[in-house]
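Chain by chain, the residues:
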Number of protein chains: 2
Amino acid sequence: MKTIPSSQRSQPHIVIVGAGFGGLQAVRALAHAEVKVTLIDRQNFHLFQPLLYQVATAGLSADEIAYPIRSIFQKQHNFEFILGEVQSIDPVTQTLCLPGQQISYDYLILAAGGMTHHYGNTTLKEHAFGLKSLQDAVKLRNHLLRQFEKACQETDPDLKKAALTFTIVGGGPSGVESAGAISELVQLLLRKEYRCLDAGDVTILLLEASDRLLPNLPADLADFALKTLREKGVQVRFDSQVRSYDGKQVMLANSKPISTHTLLWQAGIQAAEILQAFPAEKDRIQRIQVLPTLQVPDSPNVYAIGDGAALLDEHGSTLPMVAPVAMQQGVHAAKNILRQLQNLHLLDFRYKDPGMMATIGRKKAVVHLKGLSFKGGFAWLVWLVVHIMQLIGFRNRIVVLINWAWDYLFYEKTVRLIGPE
Amino acid sequence: MKTIPSSQRSQPHIVIVGAGFGGLQAVRALAHAEVKVTLIDRQNFHLFQPLLYQVATAGLSADEIAYPIRSIFQKQHNFEFILGEVQSIDPVTQTLCLPGQQISYDYLILAAGGMTHHYGNTTLKEHAFGLKSLQDAVKLRNHLLRQFEKACQETDPDLKKAALTFTIVGGGPSGVESAGAISELVQLLLRKEYRCLDAGDVTILLLEASDRLLPNLPADLADFALKTLREKGVQVRFDSQVRSYDGKQVMLANSKPISTHTLLWQAGIQAAEILQAFPAEKDRIQRIQVLPTLQVPDSPNVYAIGDGAALLDEHGSTLPMVAPVAMQQGVHAAKNILRQLQNLHLLDFRYKDPGMMATIGRKKAVVHLKGLSFKGGFAWLVWLVVHIMQLIGFRNRIVVLINWAWDYLFYEKTVRLIGPE
């Protein structure tokens, strides 16, 4: 067991847990400060989560949306990286426990993000696919492609139908994007490569518990998304609440069970486990309720940001769990720590909303930006530019662009491997 | 259990087991014949094995050297693909067993290739890394990168040294290429990203049981490879025979044990299991001894090709286990089957040797071509062009070229993810 007491260090030690959008921005904002920055993550890469569904549907390969953390910060000299999972945090002694080592901090930024929430339903936890990690995405891609291979060999019509019934639960941006992308993968496979199957064999279902899609966007955009999905052959069912799933059949609250060998659960998210265990007030989905300065109450040198923090906006609603919130909070938390070090008063966080967007497959998207709504092809271009620009690393951008240009010109999904997971 | 008797089919049914270089060429050579072609593989992709070591050393990503089989043959109308592992073959009833189904054939081409051979040493089988499948490569990459992360946190100097001692066993082309590529990955990581470590902490060992490298190439090229590897910091030890390996220490026949947490075994290859089980004469590494027509003796409608077949050349030595042999044999077996169908006499296989080559990292290679030897930068360019041209799919070629150009210009390894395996 190795312990590095922070007092041995000449400079204040700022520890950041989580290399998501928030954590990276915090590290970056501290680049020129006279501090020591340690970033801890369970993975050695930053994951561009908004495009995870593209990996799951064979549009992009895993390494196109993942970028090695050490590479991102190779020129930042006050930066250190530790690969590992934080097991516990003690705000009294100001230490974090990792397997085999303890780390002391002067300031801590909790940026560990969110994870899938099954609301205690163990059948979902066991049998449903999620889409929060790179491994989730690769597993889902392998599974989707394997269903087509199975269906080709299957002689029992019921089993064939169940293998080719793909169910997505949750009508938020993630669910809508996944349903659109799965529909396009299916069309491509049927048309080009599985002569043994035809369109009538496949069912794509999007189940939503409420009566509308995309609750954070205006109704006209939600209607457009619904229309587009239906044109793509996705059956959208509202007021459909999932009771349980055994890997073969999904039981619903108000209607008949559905035989489906694929259930993608995108209807729940909660704060990461390490945040749930931190001694502080939480909201309903275990996010830490932070002060407007982003500090955790009663722990003035601990900040929580991003998907794992709950903060009300000026209208009294909690800020959404999206990348821009995390990124702005990362910068803000870093700045407030530097102000603490200079004994300046701390500033409250104000969210500058850059708009919301969701894509519904090839060439269709909805964008809501500064009160304006866009939909269709132009919205898709906006979505494309915003996402490509945000991808870290110039090379990643080129490769992703080629991949998409290829997709677009030749209508191919390029990464259809049932590969290592 | 589904059985498709071949008599129900109007056309002769040719089944090919294995989608390696040989299997693909056989399928292609049958494209315009009045036959039904079924290709069976355990994976849904063709793997470009010569570049597998690039995936293991973070130079290329997995999907850049793997290409979906259905995509390759989407325009070949007499083609069918079955994803699955052949469990047994009965040449008397002319059937193959797969999980849940039986397949009958009129003609069979065994193109299942080779697998790692540990010569019965279970300690190697359990603890050593291999490099024959995509999963092998991804596992090794994750492991190599993890050693650097571990070494950074390790306080015990012996454990740190063992974590950073990388041992490759086997001085053939695969061993030489891996050692060169690992050395370059290590140099990059040390120089750019692991300030906590320095060059003196790292040992790269290439162990060879005989007294020279690259036994299939002339001595001057082997000497050049040796010199280049030593310049790259690889310690090459001859007459070093491995006795056992427990994951921590490798025991040698004639010298002291070496503490190493990484042992890559590239010193043995044998025919795939399904070939070993086939009732026919085998050689020492279980390859089927075929007739000059590539037929299996006593099974005139069964052919064996590539790494799983043993055939003598005009000088009385067995043809090498390399891609060009497999590819030429794939075409030849297909042609002989078509001759059998027309009651023509069968032709003997003659190997047209296109030369041998091996690369030793960035910008250095050795090439032996029509009696001429090239070495150094020009040889590397030849190697590069040959390999890029052979990669299947235009998009794959572009993406690999960009990746390499990037590597070359910025001296970065781009795919350093410890990702799903």
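Predicted model, so just to flag it, every value in this text is computed and none were measured.

## Examining the overall build of chain A
And then number 1: Broken down by element type, chain A carries 12 helices and 26 strands.
And then number 2: Across its three principal directions, the C-alpha atoms of chain A cover 70 × 50 × 45 Å.
And then number 3: Taken over 421 residues, chain A has a buried fraction of 48%.
And then number 4: At a minimum sequence separation of 6, the contacts of chain A that also span at least 24 residues come to 64%.

## Examining the interface of chain B and chain A
And then number 1: At the junction of the two partners, chain B supplies 37 residues and chain A supplies 37 residues.
And then number 2: Mapped onto the side of chain B that touches chain A, the elements with two or more residues apiece are β5 (66-68), α3 (69-72), β6 (79-83), α5 (134-153) and α12 (394-410) of chain B.
And then number 3: With six residues, α5(B) is the single largest residue contributor to the side of chain B that touches chain A.

## Here's the deal with the nonpolar core
And then number 1: Leu110(A), Ala225(A), Leu110(B) and Ala225(B) are the most contacted members of the largest nonpolar core, which has 265 residues in total.
And then number 2: Setting aside residues no more than four positions away along its own chain, Leu110(B) makes contact with Val17(B), Leu275(B), Phe278(B), Ile288(B), Val302(B), Tyr303(B), Ala304(B) and Gly308(B).

## Some thoughts on the sheet that holds strand β25 (residues 365-369) of chain A
Residue and element names in this part refer to chain A.
And then number 1: Ordered by their spatial adjacency, three strands build an open sheet running β24-β25-β26, and the pairing between neighbours is antiparallel. Every other strand in the sheet has two partners, leaving β24 (356-359) and β26 (372-376) as the edge strands with one partner each. The mean inter-strand angle of the sheet, taken between neighbouring strand axes irrespective of direction, is 5°.

## Quick word on the sheet that holds strand β14 (residues 234-237) of chain A
Residue and element names in this part refer to chain A.
And then number 1: Read from one edge to the other, the open sheet built from four strands follows the order β14-β13-β12-β18, with strand pairing classed as parallel. One side of each edge strand has no neighbouring strand; the edge strands of this open sheet are β14 and β18 (262-265). Strand-to-strand twist across the sheet, computed as the mean angle between neighbouring axes with direction ignored, equals 20°.
And then number 2: Pairing of strand β12 (residues 165-169) with strand β13 (residues 203-207) involves five bridges; the strand directions are parallel. Looking at β13, one finds that Thr167 is bridged to Leu205.
And then number 3: Packed on one face of the sheet, helix α8 (residues 219-231) meets β13 and β14 and runs near 135° to β14.

## Considerations on the relation of the copies chain B and chain A
And then number 1: Once chain B is rotated about the relating axis by 180° and shifted along it by 0.0 Å, it coincides with chain A to within an RMSD of 0.0 Å. One copy is carried onto the other by what is essentially a two-fold rotation axis. When C-alpha positions in chain B are compared against the rotation axis, the closest is assigned to Glu421(B), at 2.2 Å.
And then number 2: Most of the interface of chain B is mirrored in chain A, where 100% of its interface residues again form contacts.

## Considerations on the pairing of strand β3 (residues 36-41) of chain A
Residue and element names in this part refer to chain A.
And then number 1: By the bridge criterion, five bridges tie strand β2 (residues 13-17) to β3 in an arrangement that is parallel. Residue pairing across strands places Val17 opposite Ile40, the latter belonging to β3.
And then number 2: Sheet topology places β3 next to strand β6 (residues 79-83); five bridges connect them, and they run parallel. When the bridges of β6 are listed, Leu39 appears paired with Phe81.

## As for the packing of helix α1 (residues 21-29) of chain A against helix α10 (residues 323-341) of chain A
All names here are of chain A.
And then number 1: Close contact between α1 and α10 brings their axes to 7 Å; oriented N to C, the two are set at 30°. Between α1 and α10 lies a crossing of right-handed hand. Here α1 contributes Phe21, Gly22, Gly23, Leu24, Gln25, Ala26 and Ala29 to the contact with α10, which in turn contributes Ala323, Ala326, Met327, Gln329, Gly330, Val331, Ala333, Ala334 and Lys335.
And then number 2: Here the contact of α1 with α10 is composed, by residue class, of 10 nonpolar, five polar and one charged.

## What to know about the domain arrangement of chain A
It is common to give the size of an interface as the accessible area lost on bringing the parts into contact.
Residues and elements named next belong to chain A.
And then number 1: By domain assignment, chain A separates into domain 1 (2-116 + 270-341) and domain 2 (122-267).
And then number 2: On a C-alpha basis, the centroid separation for the pair domain 1 and domain 2 is 33 Å.
And then number 3: Of the residues lining the interface, 14 residues belong to domain 1; the matching set on domain 2 comes to 16 residues.
And then number 4: Looking at the side of domain 1 that touches domain 2, the elements that each hand over two or more residues are α2 (52-56) and β11 (114-116).
And then number 5: Tallying contributions element by element places α2 first for the side of domain 1 that touches domain 2, with five residues.
And then number 6: Its residues assigned to classes, the side of domain 1 that touches domain 2 shows 10 nonpolar, four polar and no charged.

## Brief notes about unusual backbone geometry
All names here are of chain B.
And then number 1: Look at Tyr119: it is not a glycine, yet its phi comes out positive at around 50°.
And then number 2: With a phi close to 50°, Asp239 is a non-glycine residue in the positive phi region.
And then number 3: You can see Asp239 is positioned in the loop between β14 (234-237) and β15 (242-245).

## A few points about α1(A)
And then number 1: Counting buried residues along α1(A), seven of its nine residues qualify, which places the element largely inside the surrounding structure.
And then number 2: Taken as a whole, α1(A) has its buried residues at Phe21(A), Gly22(A), Gly23(A), Leu24(A), Gln25(A), Ala26(A) and Val27(A).

## Structural notes on the environment of Lys192(B)
And then number 1: On the secondary structure map, Lys192(B) appears in helix α7 (residues 173-192).
And then number 2: Sequence separation between Lys192(B) and Gln340(B) is 148 residues, and the spatial gap between their C-alpha atoms is 61 Å.

## Here we look at the environment of Arg397(A)
And then number 1: Tracing the chain through its elements places Arg397(A) in helix α12 (residues 394-410).
And then number 2: Not counting the four nearest positions on each side in its chain, Arg397(A) is found in contact with Ile388(A) and Leu391(A).

## Looking at α7(B)
Given 3.6 residues per helical turn, the α-helix brings residues three or four places apart onto the same face.
And then number 1: An ideal rise of 1.5 Å per residue puts 28 Å on 20 residues; α7(B) measures up with 29 Å between its terminal C-alpha atoms.
And then number 2: Counted residue by residue, α7(B) has 15 buried out of 20 residues, so it is predominantly covered.

## Some points on the pairing of β12(A)
Residues and elements named next belong to chain A.
And then number 1: Counting buried residues along β12, five of its five residues qualify, which places the element largely inside the surrounding structure.
And then number 2: Neither face of β12 is left uncovered, since the one carrying Thr165, Thr167 and Val169 and the one carrying Phe166 and Ile168 both have all their residues buried.
And then number 3: Assessed by its sense of winding, the connection that carries the chain from β12 through helix α7 (residues 173-192) to β13 is right-handed.
And then number 4: With four bridges connecting them, β12 and β18 associate as parallel partners. In the sheet register, Thr167 faces β18, and the bridge partner there is Leu263.

## Observations concerning the environment of Ala33(A)
And then number 1: Tracing the backbone through its elements, the reader meets Ala33(A) in the loop between α1 and β3.
And then number 2: Taking the C-alpha atoms as reference, Ala33(A) lies 54 Å from Gly233(A); in sequence the two are 200 residues apart.

The rules we used
- Residues numbered from 1 in each chain as written.
- Chains lettered and ligands numbered in written order.
- Predicted model: local features only at pLDDT ≥ 70, side-chain atom pairs only at ≥ 80, totals over all residues.
- Helix = DSSP H or I, 4+ residues; strand = E, 2+ residues; numbered from the N terminus.
- Buried ≥ 20, exposed ≤ 12 C-beta atoms within 10 Å, placed from the backbone.
- Contact = placed C-beta atoms within 7 Å.
- Core = buried A, V, L, I, M, F, W, Y, C linked by C-beta atoms within 7 Å.
- Pairing = 2+ DSSP bridges.
- Axes fitted to C-alpha atoms, helices over the stretch in contact; angles between N-to-C directions.
- Least-squares fit on C-alpha atoms with pLDDT ≥ 70 in both.
- Left-handed = near helix turned anticlockwise from the far one by under 90°.
- Nonpolar A, V, L, I, M, F, W, Y, C, P; charged D, E, K, R; others polar.
- Domains from an automatic or database assignment.
- Expected span 1.5 Å × (residues − 1).
- Right-handed = clockwise from strand over helix to strand, strands pointing away.

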